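# Breakdown of the fold
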Amino acid sequence: FAESPDGWKVPKGLFEQNLVEVEPQQVKVVFGKLPGWLRGKLYRVGSGMFEKGNRKIISVLDGLSKVHLWSFNGEAPPTFATSFLKSSIYNRTMAAGEIVPFLHLHRMEPPPTILEKLKAQIFDEFDNNNIAPWKLNSRGMTICYESSVYIDVDSDTLNYQRKYVPESSDNSWFV
């Protein structure tokens with residue numbers, strides 16, 4: 001974040017990565033109070049990491065996926081949690097110490113080599129799911145993308161549960 005001329009803290013742009021993961025914790029309500037009828041959970045998914053080691057992701061759509069959870073229980077203080085989606089792309093990135101090459105929309109700096117691109121196209125399961133959370137089963141939330149790979153996380157803690165391809169999927173990009 002940067003200081004604006006009027007003293008407000010503002011993001012530097014869409015590529016402000018946030019590497020902090022937060023276990024579920026209460027959040028202080030600063031203004032007013034929450035209505036008693038406000039109950040439930042709000043999930044959001046988006047990019048959280050744009051660079052690690054020597055490699056940077058240039059498109060906001062390709063950033064490594066991060067899940068956010070707001071829980072509301074009437075007038076009680078809300079809780080907040082956030083966690084990176086523990087996809088194979090995330091896990092390989094953490095193990096390698098830099099963003100690993102994967103199928104992406106824009107470009108990476110430095111760009112993947114020809115061999116890295118070929119390996120990503122042939123062997124990678126594209127599981128950097130950063131589009132939509134869905135309540136598809138009683139075990140947790142399913143994080144989806146345009147690919148046929150789904151990742152389930154715990155509804156309360158955002159902990160990784162499983163990765164799978166739905167039985168109804170034929171694994172093709174075009175149906």
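It should be noted that the structure appears before, not after, this text.
Starting afresh in each chain, residues are numbered from 1 along the sequence in its written order. The predicted nature of this model means local features are confined to residues of pLDDT at least 70 and side-chain atom pairs, given and counted, to a pLDDT of 80 or more, with totals for whole chains, interfaces and linings taken over all residues. Side-chain descriptors were evaluated using all non-hydrogen atoms of the structure, hydrogens and water having been removed beforehand.

## Points about the side chain of D127
- Only DSSP runs of H or I with at least four residues qualify as helices, and only runs of E with at least two residues qualify as strands; both kinds are numbered from the N terminus onward. Along the chain, the position of D127 falls in the loop between α2 (114–123) and β10 (132–137).
- A polar contact is formed between the side chain of D127 and the backbone nitrogen of I89, at a distance of 3.4 Å.
- Within the structure, the side chain of D127 is placed 3.0 Å from the side chain of K163, a separation counted as a polar contact.
- The residues touching D127, leaving out its near neighbours within four places in the chain, are L85, S87, S88, I89, V149, I151 and K163. By the criterion applied in these results, polar contacts are pairs of N or O atoms within 3.5 Å in which, for protein atoms, one can donate a hydrogen and the other can accept it, and in which residues neighboring in sequence qualify only through two side-chain atoms. Two residues form a contact once any of their heavy atoms are found within 4.5 Å.

## Some remarks on the sheet that holds strand β7 (residues 64–73)
- Think of it this way: DSSP has to see at least two bridges between two strands before they count as a pair. Ordered by their spatial adjacency, four strands build an open sheet running β3-β8-β7-β4, and the pairing between neighbours is antiparallel. The two strands at the open ends of the sheet, each matched to only one other strand, are β3 (22–26) and β4 (39–49). For this sheet the average axis-to-axis angle between neighbouring strands, irrespective of direction, equals 15°.
- Sheet topology note: the β3/strand β8 (residues 79–84) ladder contains three bridges and is antiparallel. Looking across to β8, one finds that Q25 is bridged to F80. To get an axis, fit a line to the C-alpha atoms, keeping to the stretch in contact for a helix; angles then go from 0 to 180 degrees between the N-to-C directions.

## Some points on the nonpolar core
- Put simply, a nonpolar core is a bunch of buried Ala, Val, Leu, Ile, Met, Phe, Trp, Tyr and Cys residues held in one set by side-chain atoms that sit within 4.5 Å of each other. Each residue is assigned to one of three classes by its accessible area relative to the maximum for its type, calculated with a 1.4 Å probe on protein chains only: buried under 20%, partly exposed between the two thresholds, exposed over 50%. The biggest cluster of nonpolar side chains holds 12 residues, and these are M49, I57, L64, F84, I89, Y90, I99, V100, F102, M108, F126 and Y145.
- Not counting chain neighbours up to four residues away, the residues in contact with F84 comprise N18, L19, E21, G48, M49, L64, S65, K66 and Y90.
- Judged by nonpolar contacts, the second largest core, of 11 residues, contains Y43, V67, V153 and L158.

## A look at the packing of aromatic side chains
- Aromatic pairs are defined between Phe, Tyr and Trp rings, using the six-membered ring for Trp, whenever the two ring centres lie within 6.5 Å; interplanar angles under 30 degrees are classed as stacked, those over 60 as edge-to-face, and all others as tilted. All chains considered together, the criterion is met by four aromatic pairs.
- Here W70 and F72 contribute two aromatic rings whose centre-to-centre distance is 6.5 Å and whose plane-to-plane angle is 10°, an arrangement assigned as stacked.
- Residue W70 is classed as partly exposed on the basis of its relative accessible area of 32%.
- Judged by its relative accessible area of 22%, F72 falls in the partly exposed class.
- Measuring from centroid to centroid gives 4.8 Å for W70 and F80, while their planes differ by 50°, and the two rings are tilted. Pair noted here: W70 is in strand β7 and F80 is in strand β8, with a separation of 10 residues, a long-range link.
- Classification of F80 as buried rests on a relative accessible area of 19%.
- Any Lys NZ or Arg CZ that is within 6 Å of a ring centre and within 35 degrees of that ring's normal is treated as a charge sitting over the ring. If you follow R162 out to its NZ or CZ, it ends over the ring of Y164, 3.9 Å from the centre.

## As for the environment of P111
- Positionally, P111 belongs in the loop between β9 (108–109) and α2.
- When the C-alpha positions of P111 and P101 are compared, they lie 8.4 Å apart, and in sequence the two are 10 residues distant.

## What about the sheet that holds β9?
- If you trace the three strands from one edge of the open sheet to the other, you get β5-β6-β9, paired in antiparallel fashion. The sheet is open, and its two borders are formed by β5 (51–52) and β9, each paired with just one other strand.

## Considering unusual backbone geometry
- Look at the link from E109 to P110: it is a cis peptide, with omega at -10°.
- If you trace the backbone, P110 turns up in the loop between β9 and α2.
- Positive phi, close to 70°, is recorded for L158, a residue that is not glycine.
- In this structure, L158 sits in the loop between β12 (150–153) and β13 (160–164).

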